[in-house]
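Structural characterization, general
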Amino acid sequence: MKNSIRILVVAMLISTTFSQAQCFQKHDMFIDLGFGLSIYNTTVRNYTTDSTKTGKAASIVIPLSFEYAIGNRIGIGLQLVTQSFLTGKDSTANSTPTAHSGELNLFGNYHCFRTDHTDLSIGLTLGGSTFTFNKNDVNAGTLSAGGPYVDIHIGARFLLGKHIGILASLRFPTMTYTQGLATDNQGNEANFDLKFSGFVIGTGITYKL
């Protein structure tokens, strides 16, 4: 009888342990490789003409992130992002411009919902961004700038096993560039401010170390 009780207690402890297992726990580490599409509202201020223009922009976003769980619900990490903006052909200059940005960021996440295979989080990202625009025309016009990056984001991991899973995310980033420089091979120079603000819908793959 005593042995039966002991076996039952052990079985209950084992069952409880497995039922409370979470896919995000203290000391866990993740590497995430994402793919996203961004839509931005843009504001450009030209200091030379003292004018401001607004518009729209879109880009393909590739983020690479590392996250470490400093607690059962809190994670911190480092993120490297590249963005390639979608551009069209300039019929006047008979050229297709290119535009890119890159970000190096730190982030913190609060993991509000965790199960064996599902992890939902909200977080804040802070970092720096650089932006480069090449007109690719005969005057070799370029624009370059740097500034802060910030976003609020919602993320989800869905583990398919012990290590591999898929990602889903929604981010609301803002990149603010001040005193950027526009130049060409004719010796012209102009300063500008540029701001991107919008959202990014993303997916990707995750690996739990």
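Residues numbered from 1 in each chain as written. Predicted model: local features only at pLDDT ≥ 70, side-chain atom pairs only at ≥ 80, totals over all residues. Heavy atoms only, no water.

**Examining the nonpolar core**
In plain terms, the rule: Residues belong to one nonpolar core when they are buried, are Ala, Val, Leu, Ile, Met, Phe, Trp, Tyr or Cys, and are joined through side-chain atoms within 4.5 Å. For every residue, the accessible area (1.4 Å probe, protein chains only) is compared with the maximum for its type, and the residue is labelled buried under 20%, exposed over 50%, or partly exposed between those bounds. Strands are runs of DSSP state E lasting at least 2 residues, helices are runs of H or I lasting at least 4, and numbering of each runs from the N terminus. We call two residues contacting when some pair of their heavy atoms lies within 4.5 Å.
Within the largest apolar cluster, 17 residues are counted, with the highest numbers of intra-cluster contacts made by Y40, F85, F131, M175, Y177, L194 and F196. In terms of residues, this core owes the most to one element, strand β8 (residues 189-208), which gives five residues. Those residues in contact with F196, other than ones at most four positions away along the chain, are Y40, N41, T42, A57, F85, F131, P173, T174, M175 and Y177.

**Description of the sheet that holds strand β3 (residues 74-85)**
Using the following cut-off: What makes two strands pair is DSSP finding at least two bridges between them. Axis angles are defined between N-to-C directions and span 0 to 180 degrees, where every axis is a line fitted to C-alpha atoms and, for a helix, only to the segment in contact.
Pairing in this closed barrel of eight strands is antiparallel, and the strands run β1-β2-β3-β4-β5-β6-β7-β8 around the ring. On average, each strand axis in the sheet is inclined to that of its neighbour by 20°, with strand direction left out of account.

**Re the pairing of strand β5 (residues 118-134)**
Here strand β4 (residues 98-114) runs beside β5; their pairing, made up of 16 bridges, is antiparallel. Pairing of G108 across the sheet is with L124, part of β5. Counting the residues that bridge the hairpin from β4 to β5 gives three residues. As paired elements, β5 and strand β6 (residues 142-159) share 17 bridges and run antiparallel to each other. Looking at the pairing, G127 lines up with Y149 of β6.

**Focus: the pattern of salt bridges**
Pairing is possible between side chains that carry opposite charge, provided their charged atoms lie close to one another. Applicable threshold: We count a salt bridge whenever a side-chain nitrogen from Lys or Arg sits within 4 Å of a carboxyl oxygen from Asp or Glu.
On inspection of all chains with the given rule, the structure shows six salt bridges. Its salt-bridge partner being R157, residue D32 comes within 2.9 Å of it at the nearest N-O pair. On the criterion of sequence distance, the pair formed by D32 in strand β1 (residues 29-46) and R157 in strand β6 is long-range, its members being 125 residues apart. A salt bridge links D119 to R157; its shortest N-O distance comes to 3.2 Å. Of this pair, D119 sits in strand β5 while R157 sits in strand β6, placing them 38 residues apart in sequence. We classify R157 as buried; its relative accessible area is 5%. Salt bridges sharing partners connect three or more residues here, namely D32, E67, D119 and R157.

**Quick look at unusual backbone geometry**
Trans peptide bonds make up most of the peptide bonds, and negative phi angles are found at most residues other than glycine. In this model, A140 sits at a positive phi of 50°, which is unusual for a non-glycine residue. Locating A140 in the fold gives a position in the loop between β5 and β6. Of note, the phi angle at Q179 is positive, near 55°, even though the residue is not glycine. Relative to the assigned elements, Q179 resides in strand β7 (residues 164-183).

**Looking at the pairing of β4**
In this structure, β3 lies alongside β4, joined through 11 bridges in antiparallel fashion. By the bridge assignment, S84 is partnered in β4 with H100.

**Some points on the packing of aromatic side chains**
Applicable threshold: Here a pair means two rings of Phe, Tyr or Trp (six-membered ring of Trp) with centres within 6.5 Å. Their orientation is stacked below 30 degrees between planes, edge-to-face above 60, and tilted elsewhere.
Tallied over the full model, the rule gives eight aromatic pairs. With 5.9 Å between their ring centres and 10° between their planes, F24 and F30 make a pair best called stacked. As far as burial versus exposure is concerned, F24 and F30 are alike and both buried. Ring geometry for Y40 versus F85: centroids 6.2 Å apart, planes at 40°, classification tilted.

**Some points on the side chain of D119**
For the record, the criterion: Any pair of N or O atoms that falls within 3.5 Å is considered a polar contact. Within protein, one atom must be able to donate a hydrogen and the other to accept it, and sequence-neighbouring residues count only if both atoms are side-chain atoms.
In this structure D119 comes out as buried when scored by relative accessible area, which is 2%. Among the polar contacts listed, one links the side chain of D119 to the side chain of H111, at a separation of 2.7 Å. Each residue touching D119, except ones within four places of it in the same chain, is listed here: C23, F24, H111, F113, R114, G155, A156 and R157.

**Section: the confidence of the model for the protein chain**
Stated precisely, the cut-off is as follows: Residue-level confidence of the predictor is what pLDDT reports, using numbers from 0 through 100.
Per-residue pLDDT for the protein chain averages 89, and the proportion of residues at 70 or more is 89%. Below pLDDT 50 for its whole length, residues 7-20 participates in two contacts with residues either more than four positions away or in separate chains.

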